[in-house]
Amino acid sequence: MTEKSSVKTLKFKLNSLLEITRAINNNQPVGVLLDNYVDILCNKLKIGKVVMFKHQNGWESILAAGVARQVVDSIDVEKDLLPFTEITFVHAFDAPEQNCLPGFDIVIPVYNNYTPVAYVLIGDIEEEMKGVSPVIKHLHFIQTISSIIVVAIENIRLFRESLRREALKKELELASQMQNMLIPDTEDLPRNSSVAMNAFYKPHYEVGGDYFDCINLGNNKIGFCVADVSGKGMAAALLMSNFQATLRALFTADISMEGLLQKLNTRVSDSAKGEKFVTLFMARYNYHTRELEYINAGHTPAILYDLKNKRMTLFPSDRFAVGMFEHIPFVPAGRTTISEHSILLSYTDGLVEVLSDTEEGTVGSAFHVLEKTVQHAPDVNAAIDEVIVTRNLKGDNNTVFDDITLLGVEFFV
């Protein structure tokens, strides 16, 4: 190679690198970077065929110049290209049938941290021209510029992914703030001569499918509820928000608990189309008569502990969750009169998993933990605080895999 030719080659490489670098620094989109890449290889180096495969959640073709789509689709990267760990002349196989890439002459692998991230296939180089083809002389340059392009494209993808995640994070933060507005502040829960309430609520993610509420129904009555939407995340949170609005619209001092359940089932079934359902424990308490009406629809059993007589009552679950079926059978409400100073605890299955002594949470073991807790607690605040502290529910707890809700109601007589 003459000195003049060497200078010309060096100038070509520098200009090509400068062109690519300028496009990257100007934040040009992926399409522009690939156009520049094709221009260098096809127009300036006279390469007839160029294909690039890049790994991104699996191998995919991001560039195909001078090649029919069916040819590109016929290439299995895992089988046909991964065996190549360095620049390889595939047409140099002794037996033609060994060439798994007919129509291509060279495979150029692109590595990052010893891992293949892209493969460039080259075909139809000027083999009939006199002397050595420029492509052969510039193979390492082509590999270098291919690496620059691949890294730039990956950086663009990562940047866009970062922006998407940041936007999603902000959306989740806003959704979390809005959902927290739907959950009663424990400071606003009733505390009077008839009842005292306290609660703990912790979604596993930014938003959750658990829900508790207390509603002043008038006529010396209050209603309260603990509910759990099947599943987690945004879908569960949206259904929970819809359920909260529905419950507050339908729950009155006079509606029958059985009728309320049927209406809730219709609304949830219409909204969720059978894809999700809601388990719930809901109750209505009359300050004057001290009558407690309740329904447990597919939810964890609530417990009522008589502090004077040391007697525990379990409110077991009915088989039917709200929205599980378009129509559910008539479920009679339970009724009991609070005759002594008592504490009621209702909770979601997220707490069952934390309280269980086994890896797979069981209601029975969780019930025994709560039973012991409430037996030794002087009031509802102490009972809930005991669970929070002993199970480290407010800190980092690796045993928490679900939303957690615990509602306590203390009845005074």
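To start, this report covers the structure provided alongside it. (Residues numbered from 1 in each chain as written. Predicted model: local features only at pLDDT ≥ 70, side-chain atom pairs only at ≥ 80, totals over all residues. Heavy atoms only, no water.)

**Thoughts on the overall build of the protein chain**
Argument step 1. Within the protein chain, the regular secondary structure consists of 11 helices and 15 strands.
Argument step 2. Against the globule reference of 22 Å for 413 residues, the protein chain gives a C-alpha radius of gyration of 34 Å, more extended than a compact globule.
Argument step 3. In terms of principal-axis extent, the alpha carbons of the protein chain reach across some 105 × 40 × 40 Å.
Argument step 4. The proportion of buried residues among the 413 residues of the protein chain is 48%. (Helix = DSSP H or I, 4+ residues; strand = E, 2+ residues; numbered from the N terminus. Rg over C-alpha atoms; globule rule 2.2 N^0.38 Å. Buried < 20%, exposed > 50% of the residue type's maximum accessible area, 1.4 Å probe, protein only.)

**Let's talk about the sheet that holds strand β9 (residues 278-286)**
Argument step 1. A sheet is described by the order of its strands in space; here five strands give the open sequence β7-β8-β9-β10-β13, paired in antiparallel fashion. What marks the edges here is a single partner per strand, and that holds for β7 (210-218) and β13 (334-337). This sheet shows a mean twist of 15° between the axes of neighbouring strands, independent of strand direction.
Argument step 2. Pairing geometry for β9 and strand β10 (residues 291-297), over six bridges, is antiparallel. Within the sheet, the bridge partner assigned to Arg 284 lies in β10 and is Glu 293.
Argument step 3. With respect to the sheet, helix α7 (residues 233-250) is in contact with β7, β8 (221-229) and β9, its orientation differing from that of β7 by roughly 10°. (Pairing = 2+ DSSP bridges. Axes fitted to C-alpha atoms, helices over the stretch in contact; angles between N-to-C directions. Contact = heavy atoms within 4.5 Å.)

**Some remarks on the sheet that holds strand β11 (residues 302-306)**
Argument step 1. The strand order β6-β15-β14-β11-β12 describes an open sheet built from five strands, whose pairing is antiparallel. A single partner strand is all that each edge strand has here, and the edge strands are β6 (195-202) and β12 (311-315). Here the strands of the sheet are splayed against their neighbours by 15° on average, with no regard to which way each runs.
Argument step 2. Here β6 runs beside strand β15 (residues 404-411); their pairing, made up of eight bridges, is antiparallel. The residue of β15 that forms the bridge with Val 195 is Phe 411.
Argument step 3. Strand contacts of helix α11 (residues 380-390): β6, β14 (342-347) and β15, with the helix running at about 160° to β15, the strand carrying the most contacts.

**Topic: unusual backbone geometry**
Argument step 1. Within the chain, Lys 46 stands out as a residue other than glycine whose phi angle is a positive 60°.
Argument step 2. With respect to the element layout, Lys 46 can be found in the loop between α2 (30-44) and β1 (49-55).

**A few points about the pattern of salt bridges**
Argument step 1. Counted according to the given criterion, the structure contains 13 salt bridges.
Argument step 2. Residue Asp 39 pairs with Lys 44 through a salt bridge whose shortest N-O separation is 3.6 Å.
Argument step 3. Across the pair Glu 293 and Arg 284 runs a salt bridge whose closest N-O atoms are separated by 3.0 Å.
Argument step 4. Residue classification places Arg 284 among the buried positions, given a relative accessible area of 3%. (Salt bridge = Lys/Arg side-chain N within 4 Å of Asp/Glu carboxyl O.)

**Comments concerning the environment of Ala 23**
Argument step 1. With respect to the element layout, Ala 23 can be found in helix α1 (residues 3-25).
Argument step 2. The buried category is assigned to Ala 23, whose relative accessible area is 6%.
Argument step 3. For the pair formed by Ala 23 and Lys 221, sequence separation is 198 residues and the distance between their alpha carbons is 70 Å.

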